[in-house]
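Here is what each chain is made of, one letter per residue.
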Amino acid sequence: MRPIRVRIGVLGLALVAGLAAPTAATAAPEAGGAAPAPTVEERRLDGEVPREILRRSGFAAVAPAFARGLGRADSLREARRVVEREGAALWRRAVDRVQGRGPARGDLSRDDDRPLYWARLGMTRELRTWEPGFGLSERQRAALLTELERTSRGQTDLRLPRGHRDGHGKGVKRVLLTGFDPFTLDRDIRISNPSGAVALALDGTVIDTPDGPARVETAVFPVRWADFAEGTVERALRPYLPRVDLFTTVSQGRVGRFDVERTNGAWRGGFPDNDNVSRTETVPVADPASQPQWTTTTLPYAAITAADTGRFPVYDNTSVTEIPAGGDEPVVRPDGPTPGSTAREGGGGNYLSNEIAYRATLLRDRLGLHGTLPGGHVHTPVLQFGAGNTDPATGALTDPEFVRNRLDIVAQTRAIVGVAVSAAGADRD
């Protein structure tokens, strides 16, 4: 995910025109009041394309079944059980569909990440607007929504095998990988996010590398500024970073290329999120007094970029945009930041892809793992429809080139992870 300045003219993803103005979040009621209204993101469910995605994937019944389960809950405890069970079941169902387990239940190709996204929104809308027979406070509803987000995104399903970091010798290498929801949906509601497809395809899989087998565990994150400010990345990753051998955050980036982003910046550039909310500010983190302007990758970028991993070129991206020390205007630096500068864009821009990379690598550093844990961010190519299917108003939901592009991006990301694991192991040896 790239900022507006870089994305102009790239498959229309800049959203310079056609976006609604940023919308303030709907306030939840006090205890005993009416349930809050659906969010901007949830209201997109009323369009024909989301309904078609759900229908053609067999996921159309997910939200109605969840609503029936909530309707039978007669206490907060029972509602929590329903949320935890059904959220986790949605994640497992989406992973199973992508990985070929069980019936496809629809004619959408199995590699499609969009059914998970739209089915989850159906569930959150049901929970957000639910009016139970017992008292439900604003805080209690928010906690249920948080649990639904975590379970349906795989964040509670990270099952790491035992390895050398647990004192069990070399063992299986452990990789943590994250993806994102689709975004820029007001520009083209048909959009799929290849990083989400990667997460579903690789979750729980084992990659054979020259340094031994590597098990990959994955999760996906929302494209919403508020969730990141509330610490969703740190809560999800903190228990696992000390136990993994390598991590990579992944998102969609530029047309026709992969990028290993060398440097991440502490700046939000204001690009609207999936709720059409904009934020332009320093990335809000705990202990801001010790917050650096920049963090760096510890992925083996030289080995990754030198390897033949697939049909797309892979670049070591060292460019940033900074305000130099003593200056007041942004300057593009192709070789990385200069001492004392203030961040305006990391290599991955100043949207949420840069922010997840910044937060994950800052967490790595604050846990004292900079010198021992390879980790950073990989941008995939933009996932493009076929040449005759570029008009979102009249175009088809999918096409053969669209599916081929997604499958190739997934396969190449898997190969990149394999190279990174092997190279990191060689560096340790």
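Keep in mind the model is a prediction, meaning the values are calculated, not measured. (Residues numbered from 1 in each chain as written. Predicted model: local features only at pLDDT ≥ 70, side-chain atom pairs only at ≥ 80, totals over all residues. Heavy atoms only, no water.)

Caption draft 1: Representation of the sheet that holds strand S2 (residues 206–209) within the structure. Here seven strands make up an open sheet; going across it, the order is S2-S3-S1-S4-S14-S5-S10 and the pairing mixed. The sheet is open, and its two edges are formed by S2 and strand S10 (314–317), each paired on a single side. Neighbour-to-neighbour, the strand axes of this sheet turn through a mean angle of 25 degrees, independent of strand direction. Pairing between S2 and strand S3 (residues 212–221): four bridges, direction antiparallel. When the sheet's bridge partners are listed, valine 206 is paired in S3 with arginine 215. (Pairing = 2+ DSSP bridges. Helix = DSSP H or I, 4+ residues; strand = E, 2+ residues; numbered from the N terminus. Axes fitted to C-alpha atoms, helices over the stretch in contact; angles between N-to-C directions.)

Caption draft 2: Quick peek at helix H7 (residues 138–152). Spanning 15 residues, H7 covers 21 Å between terminal C-alpha atoms, matching the ideal 21 Å at 1.5 Å per step. Those residues of H7 lying buried are Arg141, Leu144, Leu145, Glu147, Leu148, Glu149, Thr151 and Ser152. Considering only its buried residues, H7 is in contact with helix H4 (62–72), helix H5 (76–98) and helix H6 (114–129). At the exit of H7 stands glycine 154, carrying a positive phi of roughly 80 degrees. (Expected span 1.5 Å × (residues − 1). Buried < 20%, exposed > 50% of the residue type's maximum accessible area, 1.4 Å probe, protein only. Contact = heavy atoms within 4.5 Å.)

Caption draft 3: How the structure looks around the pairing of S3. In terms of burial, S3 is a largely internal element, seven of the 10 residues being buried. Looking at chain direction, strand S1 (residues 173–180) and S3 are connected through eight bridges and run parallel. Looking at the pairing, lysine 173 lines up with alanine 214 of S3.

Caption draft 4: Here's a closer look at the nonpolar core. Core analysis: the biggest nonpolar cluster contains 65 residues, and Phe66, Trp118, Leu127, Trp130, Leu144 and Leu177 have the highest contact counts within it. Per element, the largest residue contribution to this core is nine residues, and it comes from H5. Other than its neighbours up to four places away in sequence, phenylalanine 66 contacts Val82, Val83, Glu86, Met123, Glu126, Leu127 and Leu148. (Core = buried A, V, L, I, M, F, W, Y, C linked by side-chain atoms within 4.5 Å.)

Caption draft 5: Looking closely at the confidence of the model for the protein chain. Put simply, the protein chain has an average pLDDT of 91, and 89% of its residues get 70 or more. Per-residue pLDDT stays below 50 along residues 3–32; that stretch engages in 65 contacts with residues further than four places along the chain or on separate chains. (pLDDT = per-residue confidence, 0-100.)

Caption draft 6: Region of the structure containing the packing of H4 against H6. Where H4 meets H6, the axes come as close as 8 Å, and the angle between the chain directions of the two elements is 30 degrees. The angle between H4 and H6 falls in the class roughly parallel. In this structure, H4 crosses over H6, and the sense of that crossing is right-handed. For the pair H4 and H6, the contacting residues are Val62, Ala63, Phe66, Ala67 and Leu70 in the first and Ala119, Gly122, Met123, Glu126 and Leu127 in the second. Broken down by class, the residue content of the contact of H4 with H6 amounts to eight nonpolar, one polar and one charged. (Parallel < 35°, antiparallel > 145°, perpendicular 65-115°, else oblique. Left-handed = near helix turned anticlockwise from the far one by under 90°. Nonpolar A, V, L, I, M, F, W, Y, C, P; charged D, E, K, R; others polar.)

Caption draft 7: Region of the structure containing H6. Compared with an ideal rise of 1.5 Å per residue, which puts 16 residues at 22 Å, H6 spans 23 Å between its outermost C-alpha atoms and is within 8% of the ideal. Among the 16 residues in H6, 13 count as buried, and that is most of the element.

Caption draft 8: How the structure looks around the side chain of arginine 254. Within the secondary structure, arginine 254 is located in the loop between strand S4 (246–252) and strand S5 (258–261). The class of arginine 254 is buried, set by a relative accessible area of 14%. Within polar-contact distance, the side chain of arginine 254 engages the side chain of aspartate 259 at 2.9 Å. Side chain to side chain, arginine 254 and glutamate 261 meet in a polar contact 2.9 Å long. (Polar contact = N/O pair within 3.5 Å; in protein donor to acceptor, adjacent residues only side chain to side chain.)

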